[in-house]
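# Observations on the three-dimensional arrangement
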Amino acid sequence: MSAAMKKIALVAENRMIAEDIYSMWLNAPDITETAKPGQFVSLYCNNGSRLLPRPISICEIDKIQGRVRLVYRIAGKGTKEFAGLKEQDQIEAMGPLGNGFTLEGKKAILIGGGIGIPPMLELAKQLDCEKQMVLGYRDITFLEKEFETYGKVFISTEDGSKGVKGNVIDAIKANGLEADIIFACGPTPMLRGVKAYALEHGITAQLSMEERMACGIGACLGCICKSKEVDHHSNVKNKRVCKDGPVFYADEVEL
Amino acid sequence: MSAAMKKIALVAENRMIAEDIYSMWLNAPDITETAKPGQFVSLYCNNGSRLLPRPISICEIDKIQGRVRLVYRIAGKGTKEFAGLKEQDQIEAMGPLGNGFTLEGKKAILIGGGIGIPPMLELAKQLDCEKQMVLGYRDITFLEKEFETYGKVFISTEDGSKGVKGNVIDAIKANGLEADIIFACGPTPMLRGVKAYALEHGITAQLSMEERMACGIGACLGCICKSKEVDHHSNVKNKRVCKDGPVFYADEVEL
Amino acid sequence: MNTNVTIAGVTFNNPVTTASGTFGSGMEYSEYVDLSKLGAVTTKGVSSIPWPGNPTPRVAETYGGMLNAIGLQNPGVEVFIKRDIPFLRQQKAKIIVNVVGKTTEEYCDVVERLADCDVDMLEINISCPNVKEGGIAFGQDPRCVEAITTEIKKRAKQPVIMKLSPNVTDITEMAKAAEAGGADALSLINTLTGMKIDIHRRAFLLANKTGGLSGPAIKPVAVRMVYQVANAVKLPLIGMGGIVGAEDALEFIMAGASMVAVGTTNFINPSATPEVVRGIEEYMKKYNISDIHELIGCVK
Amino acid sequence: MNTNVTIAGVTFNNPVTTASGTFGSGMEYSEYVDLSKLGAVTTKGVSSIPWPGNPTPRVAETYGGMLNAIGLQNPGVEVFIKRDIPFLRQQKAKIIVNVVGKTTEEYCDVVERLADCDVDMLEINISCPNVKEGGIAFGQDPRCVEAITTEIKKRAKQPVIMKLSPNVTDITEMAKAAEAGGADALSLINTLTGMKIDIHRRAFLLANKTGGLSGPAIKPVAVRMVYQVANAVKLPLIGMGGIVGAEDALEFIMAGASMVAVGTTNFINPSATPEVVRGIEEYMKKYNISDIHELIGCVK
Ligand SMILES: Cc1cc2nc3c(=O)[nH]c(=O)nc-3n(C[C@H](O)[C@H](O)[C@H](O)COP(=O)(O)OP(=O)(O)OC[C@H]3O[C@@H](n4cnc5c(N)ncnc54)[C@H](O)[C@@H]3O)c2cc1C
Ligand SMILES: Cc1cc2nc3c(=O)[nH]c(=O)nc-3n(C[C@H](O)[C@H](O)[C@H](O)COP(=O)(O)OP(=O)(O)OC[C@H]3O[C@@H](n4cnc5c(N)ncnc54)[C@H](O)[C@@H]3O)c2cc1C
Ligand SMILES: Cc1cc2nc3c(=O)[nH]c(=O)nc-3n(C[C@H](O)[C@H](O)[C@H](O)COP(=O)(O)O)c2cc1C
Ligand SMILES: Cc1cc2nc3c(=O)[nH]c(=O)nc-3n(C[C@H](O)[C@H](O)[C@H](O)COP(=O)(O)O)c2cc1C
Ligand code: FES
Ligand code: FES
């Protein structure tokens with residue numbers, strides 16, 4: 001039985017890093033042992049009225065200390081509950097789940113939009129090539145400093161308060177970035193834009209997708225996305241974001 | 001608005017005093033201000049799957065420090081949750097609820113059966129007359145030492161491991177106790193026995209009853225007991241344990 | 001900002017009332033809630049003569065909800081008229097009286113007795129699962145629903161709300177039948193029939209074996225039914241079933257309810273009703289909604 | 001201690017199976033659960049040709065439960081026979097195959113295709129609320145229930161379980177109709193139709209608008225229906241709806257179910273099923289029950 005099991009993890013740190021954005025380190029050696037950038041963890045609430053897991057991407061992996069970092073935004077009651085956790089509190093977690101990014105390419109653009117930014121951090125750490133980070137925000141920025149260690153950071157904000165006014169594609173264009181590979185995580189409209197951009201420029205792109213989940217392990221068929229080809233598991237053109245993804249090559253999926 | 005409001009109370013102490021029996025002190029000056037022996041507090045769970053309040057009798061009142069003591073047995077998931085509370089934890093509580101005992105008589109027997117024993121402690125403290133305490137247990141005893149300050153304590157255990165083997169009535173008979181008033185709290189079969197004993201000996205008896213509750217404040221009509229006379233609220237022969245009780249004169253109610 | 005809603009000619013200050021049987025006659029909550037601040041108080045079901053209700057235990061907790069088998073204990077319409085109506089009027093509350101009976105005649109008796117009383121609306125409970133006769137039996141057959149609605153409308157001087165049961169295959173059939181019978185409005189849902197077994201005593205938890213399931217657990221079923229009924233009839237709807245806070249209430253309003261009722265939550269949070277009123281206002285402020293009618297049935 | 005139960009001639013090691021659609025084809029959970037330790041694995045609904053299911057979002061959380069509108073996505077019976085049956089047999093699991101269709105012919109197609117396959121029982125899903133045609137429509141009218149049962153029984157070589165919908169006025173009518181049609185067993189309940197609205201986006205949470213409500217929230221309704229059906233027909237029952245742990249499973253058994261299925265809980269706790277098996281054994285030990293049959297339907 002090699003699957004990711006549901007276990008109790010201890011909170012090593014949990015603090016606000018921007019308005020409504022929290023950074024949490026969990027002591028979870030079982031998770032870090034095999035974790036890869038782009039994978040996620042299912043977090044469970046401690047209140048029986050909220051049954052389903054909350055999928056949160058892995059932001060950093062500390063194999064030595066057996067700790068995994070998650071950065072999340074308060075989006076509802078579950079993430080609000082997590083924000084209230086203190087050091088040494090317990091939380092049920094299952095992971096690492098999903099496939100993660102494939103480390104490849106010579107010159108990469110890592111694109112994160114909003115709460116899609118965190119998983120790019122561990123990817124930036126592990127990806128061994130020339131890296132350009134494009135981070136898109138609505139207004140308030142977070143984590144951008146931490147990316148600077150790994151390459152040049154370009155920022156876009158919707159309100160223009162920092163970096164290029166507009167979205168991540170605007171930032172790429174404004175800065176004339178070039179690459180042979182794109183990695184992206186963010187809201188679907190952003191991924192759609194990235195896919196179009198990559199296609200137009202003939203660049204390979206790996207996209208990390210999001211969908212409502214129930215099981216997180218590929219059983220309920222809740223989290224599918226439309227795939228280009230008939231999928232071997234579904235035998236229809238559906239892939240499971242939790243199990244076959246969350247990372248897909250842009251040409252595998254319909255957005 | 002003078003009603004008991006639902007408020008957050010701080011746990012001042014919570015410890016096991018016998019197997020599965022816990023003693024909890026709550027900082028709750030709003031409750032202690034008007035609390036009387038025989039009244040109860042509704043405790044709420046911190047888990048949305050358990051909505052209804054747990055009624056727990058007031059065991060001691062410390063008006064000076066604004067603290068109230070509750071002694072409870074782990075009977076299910078709610079009381080199990082309470083047992084896990086630590087000092088300084090928060091718990092939602094509403095009280096004091098119900099009518100409480102009427103302090104009266106010259107020579108009293110205070111009868112507590114099982115988890116009906118705790119409310120007798122504050123009564124013993126406040127009752128200003130000659131007091132004989134009869135405490136009935138299945139096997140393991142608790143709180144009995146604390147009663148000794150207020151009068152003579154007689155014990156019955158079902159297995160005979162301590163005091164008289166049998167029930168509280170057996171203990172009264174075995175010790176030839178006499179009184180002009182009886183106060184009792186415990187399981188219904190015990191109260192039935194006490195009522196019969198009181199009737200037989202022409203002694204006034206106040207009985208504290210138990211029933212499943214939803215609102216705890218007299219609105220849902222969930223917790224009724226059969227009364228001898230048509231009740232002014234219900235206009236039928238029903239009284240509400242939470243509001244008209246939990247304490248009734250033995251001749252008011254059918255058991 | 002307008003939160004007034006008018007149902008069958010009666011105007012309420014806001015769209016929040018209480019679910020019958022969960023707020024007593026209002027008196028029990030008057031220390032917790034300023035009753036005049038609610039859209040209306042809907043009172044516990046009242047019958048022509050006093051009813052003692054079912055044996056205990058009458059309530060049981062379930063996961064995210066509760067079961068009740070009160071069995072419509074009530075002091076009878078005479079005491080209600082003498083005691084509860086004057087009290088509620090003194091508190092300046094709008095009054096919706098929930099009416100129950102075992103036969104059509106009994107329902108009609110109560111309606112006639114209330115005809116000249118100072119109450120704003122009648123809500124006819126044809127959906128209580130906890131009494132042997134009457135109650136739900138009337139609410140599970142469209143012909144019965146129409147017939148009893150017709151009879152009641154003949155006698156009622158106040159507008160009539162028919163309260164529907166969720167324990168049916170197709171609630172829109174019942175809604176259409178009530179509409180055909182002349183109902184002025186509909187309220188839904190009453191409780192879902194449920195059961196709990198005490199595995200340690202190996203016995204039913206409720207003396208009545210079955211009871212009505214209420215509370216947040218049932219909300220998705222209730223919202224679905226309100227949506228279906230809103231799209232099947234023209235009548236104004238009062239939506240209920242599992243409302244804990246304003247967000248739940250807004251789901252019902254967006255699904256098509258002109259008014260909502262808070263039920264089981266009153267037992268857990270006695271001051272829930274004014275909180276729901278306030279929460280709806282805050283939502284309207286946040287999203288710049290000037291009139292609650294912009295929200296009623298806005299999700300299609 | 002005996003925990004074996006025999007249903008329509010098939011003997012299961014213990015009374016615990018999986019609710020269709022919540023356990024994939026068993027493969028998805030084989031890393032969490034030793035499948036041979038379950039009474040049986042009940043697989044996701046399978047149709048004659050592959051079905052793509054509904055658009056997303058397909059799932060939504062509700063208070064103490066969830067809504068799903070998967071829409072019976074499945075790879076079709078051919079892939080199922082080639083891939084999933086051999087896998088399950090290799091794991092030494094008893095197999096109950098859940099069958100779906102849009103027309104009677106489609107159900108019959110699948111049943112015929114499975115007739116000579118190595119599976120233990122068929123469960124006919126006439127109660128899925130999430131597809132436009134077929135599914136629930138068959139399960140809400142006693143004449144349809146009887147007719148489809150009869151047709152399926154003509155073709156099936158394995159014993160047939162008819163899976164009933166809770167979205168009906170009187171579930172005993174449907175149970176009797178299935179019995180009249182020749183069903184060997186009944187399973188209940190499927191999901192209750194529900195809806196959730198996102199008040200911030202002012203839109204339905206599910207792309208399909210409505211979905212099926214499952215999870216602990218619905219347990220009291222499920223236990224009630226199992227009890228009613230157990231007292232209305234002679235057929236063995238598989239009970240389900242909101243089972244989280246052994247205590248819940250025992251409620252169903254005491255209400256009259258010979259077997260129980262764990263559904264939504266698998267998503268929250270992948271190793272729930274063996275825990276339920278163990279919990280039932282512990283209960284029997286504690287109360288000195290030597291045979292599970294002493295518990296089946298023991299609460300009357
Ligand atoms: C693969 C994946 C990775 C993610 N990584 C991150 C991350 O690193 N940081 C972060 O802040 N958020 C991330 N999200 C989104 C995060 O899962 C949701 O914000 C979170 O579940 C909201 O829970 P809630 O209880 O606060 O909100 P509620 O709205 O109360 O949640 C109700 C239900 O809806 C689900 N839900 C709500 N929003 C989303 C959403 N956007 N995506 C999927 N399910 C949702 C919840 O899981 C829950 O079941 C990720 C989502 C996916 C699918
Ligand atoms: C007026 C009154 C005073 C009480 N005082 C005390 C006390 O001082 N100490 C003490 O240990 N217990 C007392 N009880 C009993 C106590 O309320 C129950 O043991 C407790 O509610 C069980 O909750 P649970 O979640 O652990 O059990 P569960 O069985 O999980 O509870 C499920 C539901 O049933 C209700 N319930 C279960 N058992 C009882 C019961 N015996 N009486 C009423 N409701 C019940 C719960 O409140 C809850 O709503 C009192 C009961 C009443 C009515
Ligand atoms: C204890 C209790 C008593 C009830 N009594 C009545 C009643 O007298 N008449 C009626 O029409 N509905 C009655 N109901 C049903 C509620 O009015 C409401 O329809 C149902 O509880 C669903 O709403 P909720 O989930 O918010 O409680 C009662 C419900 C409860 C819980
Ligand atoms: C995601 C999901 C998919 C389901 N798919 C099926 C199915 O294919 N066939 C079927 O008969 N029931 C299906 N069901 C219903 C379950 O088998 C079960 O009857 C229901 O969920 C109640 O049990 P629970 O509350 O334990 O989940 C599905 C339920 C869920 C939650
Ligand atoms: S969440 Fe269940 S298959 Fe992906
Ligand atoms: S618990 Fe509601 S009336 Fe007593």
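Residues numbered from 1 in each chain as written. Chains lettered and ligands numbered in written order. Predicted model: local features only at pLDDT ≥ 70, side-chain atom pairs only at ≥ 80, totals over all residues. Heavy atoms only, no water.

## Quick notes on the interface of chain C and chain D
Keep this limit in mind: Any two residues having at least one pair of non-hydrogen atoms within 4.5 Å are treated as being in contact. Here the quantity called buried area is the accessible surface, traced with a 1.4 Å probe, that two parts lose on coming together, added over both. The definition of a polar contact used here is a pair of N or O atoms within 3.5 Å, where within protein one atom must be able to donate a hydrogen and the other to accept one, and adjacent residues in sequence count solely through side-chain atom pairs. Under the DSSP-based scheme used, a helix requires at least four consecutive residues in state H or I and a strand at least two consecutive residues in state E, with every element numbered from the N terminus. As a working rule, the residues Ala, Val, Leu, Ile, Met, Phe, Trp, Tyr, Cys and Pro are called nonpolar, Asp, Glu, Lys and Arg charged, and the rest polar, with Gly in that last group.
On the chain D side, the residues contacting the 42 residues of chain C number 42 residues. Counting each side, the surface lost to burial between chain C and chain D is near 3,800 Å², with a carbon and sulfur contribution of 67%. Across the contact surface, chain C and chain D share 15 residue pairs in polar contact (both at pLDDT 80 or more). For the side of chain C that touches chain D, the secondary structure elements donating two or more residues are strand E11 (192-195), strand E13 (203-204), strand E14 (210-214), helix H6 (219-230), helix H7 (246-255) and helix H9 (272-286) of chain C. Across the side of chain C that touches chain D, the residue classes tally to 25 nonpolar, nine polar and eight charged.

## Examining the environment of leucine 192 of chain C
Using the following cut-off: Note on exposure labels: buried denotes an accessible area under 20% of the residue type's maximum, exposed denotes more than 50%, and partly exposed covers the range between, all computed with a 1.4 Å probe on protein chains only.
One can find leucine 192 of chain C in strand E11. Classification of leucine 192 of chain C as buried rests on a relative accessible area of 4%. Along the sequence, leucine 192 of chain C and asparagine 167 of chain C sit 25 residues apart, while their C-alpha atoms lie 5.9 Å from each other. Residues in contact with leucine 192 of chain C, not counting those within four places in the same chain, are Pro166, Asn167, Gly211, Gly212, Leu213, Ile218 and Val221 of chain C together with Val221 of chain D.

## Considerations on the pattern of salt bridges
Residues and elements named next belong to chain B. Put simply, the rule is: Whenever a carboxyl oxygen of Asp or Glu lies within 4 Å of a side-chain nitrogen of Lys or Arg, that contact is scored as a salt bridge.
For the structure on display, the rule yields 56 salt bridges over all chains. As a salt-bridge pair, arginine 69 and glutamate 146 come within 2.6 Å of each other at their nearest N and O atoms. Remark: glutamate 146 occurs in helix H4 (residues 144-147) and arginine 69 occurs in strand E6 (residues 67-73); sequence separation between them is 77 residues. Lysine 162 is the partner of glutamate 144 in a salt bridge, and the nearest nitrogen-oxygen pair spans 3.1 Å. Of this pair, glutamate 144 sits in helix H4 while lysine 162 sits in the loop between strand E10 (152-157) and strand E11 (164-165), and the two are 18 residues apart along the sequence.

## Looking at the site of ligand 2
Here is the rule: Think of it this way: one heavy atom of a residue within 4 Å of a molecule or strand is enough to make that residue near it. The accessible surface values rely on the Shrake-Rupley method and a 1.4 Å probe; as for residues, cover is taken only from the protein chains in view. Domain segmentation is taken from an automatic or database assignment of domains.
The full set close to ligand 2 counts 21 residues, and Pro55, Arg73, Thr79, Glu210 and Arg212 of chain B are the nearest of them. Proximal residues around ligand 2 fall on chains B and C, making this an inter-chain site. The contact in question runs from a nitrogen atom of ligand 2 to an N or O atom on the side chain of glutamate 210 of chain B, over 2.5 Å. Within the complex, 87% of the 820 Å² of free accessible area of ligand 2 lies under protein. Tallying contributions element by element places strand E4 (residues 54-57) of chain B first for the shell around ligand 2, with four residues. A per-class count over the shell around ligand 2 returns 10 nonpolar, four polar and seven charged. A domain-level breakdown of the shell around ligand 2 finds at least three residues from each of domain 1 (2-97) and domain 2 (107-252) of chain B.

## Here we look at helix H9 (residues 272-286) of chain D
Residues and elements named next belong to chain D. Counted only if it meets this: By definition here, a helix of n residues has an expected span of 1.5 Å times n minus one.
With 15 residues, H9 ought to run about 21 Å at 1.5 Å a step, and its terminal C-alpha atoms sit 21 Å apart, in line with that. For H9, the full list of buried residues reads Ala272, Thr273, Pro274, Val276, Val277, Gly279, Ile280, Tyr283 and Met284. Where H9 is buried, its residues meet strand E3 (16-18), helix H7 (246-255), strand E16 (259-262) and helix H8 (265-268). In the segment just after H9, asparagine 288 is the residue with positive phi, at about 60°.

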